[in-house]
Amino acid sequence: MVPYILTLLCVGVACAIHWFAPKTYWKATLMSTAVILLFSVAALFIFQASGMLVSEHTGESADFTGRLLTITTLIAFFGFLISLFVGWFMRVVRG
């Protein structure tokens, strides 16, 4: 459920930023990527603290502090792709 929440958050952020800044496509893409990265990493720590990242099979809590650089890089890439495609879609829809 956590990946779906984060994906909806990413798409919503990218839509909002590209909607309010339609003329500056690359600036809006980089801005939404940065906001997505910030929100996603913060959400992971919030989900970990609230116990939503507990494994159903083993009952262990996720410990991702050792892999934070890898996670941050992957979220940045994922956020950039979402920002790029959502921005392109918003550009086509707005005409």
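Above this note sits the structure.
All values derive from a computational prediction rather than experimental measurement. (Residues numbered from 1 in each chain as written. Predicted model: local features only at pLDDT ≥ 70, side-chain atom pairs only at ≥ 80, totals over all residues. Heavy atoms only, no water.)

Caption draft 1: Quick peek at helix α3 (residues 68-94). Between its first and last C-alpha atoms α3 spans 37 Å; for 27 residues at 1.5 Å apiece the expected length is 39 Å, and the two agree. Buried within α3 we find Ile-75, Gly-79, Ile-82, Ser-83, Leu-84, Val-86, Gly-87 and Met-90. Directly beyond the C-terminal end of α3, a positive phi value near 90° is found at Gly-95. (Helix = DSSP H or I, 4+ residues; strand = E, 2+ residues; numbered from the N terminus. Expected span 1.5 Å × (residues − 1). Buried < 20%, exposed > 50% of the residue type's maximum accessible area, 1.4 Å probe, protein only.)

Caption draft 2: Here's a closer look at the packing of aromatic side chains. Counted according to the given criterion, the structure contains one aromatic pair. Here Tyr-25 and Trp-26 contribute two aromatic rings whose centre-to-centre distance is 5.1 Å and whose plane-to-plane angle is 80°, an arrangement assigned as edge-to-face. Under the relative-accessibility criterion, Tyr-25 is labelled buried at 11%. When the ring centre of Trp-19 is taken as reference, the NZ or CZ atom of Arg-94 above it lies at 3.9 Å. (Phe/Tyr/Trp six-rings, centres within 6.5 Å; stacked < 30°, edge-to-face > 60°. Lys NZ or Arg CZ within 6 Å of the ring centre and 35° of its normal.)

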